[in-house]
Amino acid sequence: MTDLLPAPGLTGLLLGTTPPGVYRLPPGDTAPRVMALAAEADWRGATLHLGGVTTKTAFMDRCATDLDLPDWFGRNWDALADCLTDLSWWREEGKARGFLLLAEEWTAFRKATPREARTAEAVLADAVDYWAEAESPLAVLLG
């Protein structure tokens, strides 16, 4: 299981004192608050809404829609890994201090399809590792 963000929590992650990683969303934090704090810290944020997602196909479809993945996204684990290690589709005008992906309702998704959730978490962790030393790292919060 993924750990909670160490102190000082989300602030430390966004300021760079906590290393990027795959963390559980701190209790009491909400997606709007997290995304607002990320924007204030010049991080690009995206929310993946996993409510009702119980299959790999539904997970891939939700990734395509919620993350606005490029047309070449093949809706499989390798394609997701490719998208997460080539964030050109997520880049906008100007420079971001980092990229934050918030997966809402992760616990329900994990309970509904534990095998797929383990694979998804591994893909997310690999992408975070890929960007860890970059000027604009990737961090993931599982809610």
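Residues numbered from 1 in each chain as written. Predicted model: local features only at pLDDT ≥ 70, side-chain atom pairs only at ≥ 80, totals over all residues. Heavy atoms only, no water.

As annotated in an unreviewed UniProt entry, the chain carries the name Barstar family protein and is attributed to Streptomyces nondiastaticus. Its UniProt record, at the heading Sequence similarities (unreviewed entry), says of the chain: "Belongs to the barstar family." (UniProt positions renumbered as here; feature names shortened; annotations may be inferred.)

J.: Help me understand the overall build of the chain, please; the structure alone is not making it clear to me.
T.: Broken down by element type, the chain carries six helices and four strands. Moving toward the C terminus, one meets the helices and strands of the chain in the order α-β-α-β-α-α-β-α-α-β. Radius of gyration (C-alpha) of the chain: 14 Å, near the 15 Å computed for a compact globule of 143 residues. Each principal axis of the C-alpha atoms in the chain carries an extent, and together these give about 35 × 30 × 25 Å. By the burial criterion, 48% of the 143 residues in the chain qualify as buried. (Helix = DSSP H or I, 4+ residues; strand = E, 2+ residues; numbered from the N terminus. Rg over C-alpha atoms; globule rule 2.2 N^0.38 Å. Buried < 20%, exposed > 50% of the residue type's maximum accessible area, 1.4 Å probe, protein only.)

J.: Which parts of the structure should I look at to understand the side chain of Thr2?
T.: Mapped onto the elements, Thr2 comes out in the segment before helix 1 (10-15). Ignoring any residue separated from it by four or fewer positions in sequence, one finds Thr2 in contact with Val22, Tyr23, Arg24, Glu121 and Leu142. (Contact = heavy atoms within 4.5 Å.)

J.: Could you clarify how one ought to interpret the pattern of salt bridges in this entry?
T.: Pairs can form between side chains of opposite charge whenever their charged atoms are close. Overall, the coordinates contain three salt bridges when judged by the stated rule. A salt bridge links Asp61 to Arg75, with the shortest nitrogen-to-oxygen separation between them at 2.7 Å. Taken together, the residues span a long stretch of sequence, with Asp61 in helix 3 (residues 56-66) and Arg75 in the loop between helix 3 and helix 4 (77-84) at a distance of 14 residues. For Asp61, a relative accessible area of 32% corresponds to the partly exposed category. Across the salt bridge formed by Glu135 and Lys95, the nearest N and O atoms sit 2.2 Å from each other. Within this pair, whereas Glu135 is found in the loop between helix 6 (114-131) and strand 4 (138-142), its partner Lys95 is found in the loop between helix 4 and strand 3 (98-104), the two being separated by 40 residues in sequence. In this structure Glu135 comes out as exposed when scored by relative accessible area, which is 61%. (Salt bridge = Lys/Arg side-chain N within 4 Å of Asp/Glu carboxyl O.)

J.: Looking at this structure, how should I read the nonpolar core?
T.: In a soluble, globular protein the nonpolar side chains are often hidden away together inside. Phe59, Leu80 and Trp106 are the most contacted members of the largest nonpolar core, which has 36 residues in total. At the level of secondary structure, the elements contributing two or more residues to this core comprise strand 2 (43-49), helix 3, helix 4, strand 3, helix 5 (106-112), helix 6 and strand 4. By size, the runner-up hydrophobic cluster in this structure holds 16 residues, among which are Leu10, Ala31, Ala38 and Ala41. (Core = buried A, V, L, I, M, F, W, Y, C linked by side-chain atoms within 4.5 Å.)

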